[in-house]
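The lines below spell out each chain.
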Amino acid sequence: MKIVYIIMVLALLSWKGYYAWLRGRNSYLKDMEQYRSLWEYLLGNGATLSEARRPFLKRALRRALMPMVRQWRLWAIVAAIGILVFIL
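A quick note: this is a predicted structure, and the numbers were derived from the prediction, not measured.

A. Structural view of the nonpolar core. With six residues, the main nonpolar core is built from Y28, M32, W39, A52, F56 and A60. Only α1 (2-34) and α3 (49-70) provide two or more residues apiece to this core. No other element matches α3, which puts three residues into this core. Residues within four places of W39 in sequence aside, it is in contact with M32, L49, A52, R53 and F56.

Structure, rendered in structure tokens:
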């Protein structure tokens, strides 16, 4: 029973992680394409590559992770069931 639960939790985490990565990657690529002038402006004013990339990465991370954070109820239920399964 515990092994099945662990497999289900790992499958859920990998599924959610993959879709979060996909949303973040697509958001990053779309923003880099759409706001190319901002990228060039930042680089032209002396920003390093990581400094110019930072606003795009922050926005992509926010877009990728906020849907998962909003689903806190699901994660709380999964964690509570997991704690109960491993205690009993």
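That shown, we press on.
B. Geometry of the packing of aromatic side chains. In this structure the tally under the stated criterion is four aromatic pairs. Aromatic rings pair up to connect W15, Y18, Y19 and W21 into one cluster.

C. Seen up close, the confidence of the model for the protein. Overall, the predicted model of the protein reaches an average pLDDT of 87, with 98% of residues at or above 70. By mean pLDDT, the top-scoring element of the protein is helix α2 (residues 36-44) (92), and the lowest-scoring one is helix α4 (residues 72-87) (78).

The rules we used
- Residues numbered from 1 in each chain as written.
- Predicted model: local features only at pLDDT ≥ 70, side-chain atom pairs only at ≥ 80, totals over all residues.
- Heavy atoms only, no water.
- Core = buried A, V, L, I, M, F, W, Y, C linked by side-chain atoms within 4.5 Å.
- Buried < 20%, exposed > 50% of the residue type's maximum accessible area, 1.4 Å probe, protein only.
- Helix = DSSP H or I, 4+ residues; strand = E, 2+ residues; numbered from the N terminus.
- Contact = heavy atoms within 4.5 Å.
- Phe/Tyr/Trp six-rings, centres within 6.5 Å; stacked < 30°, edge-to-face > 60°.
- pLDDT = per-residue confidence, 0-100.

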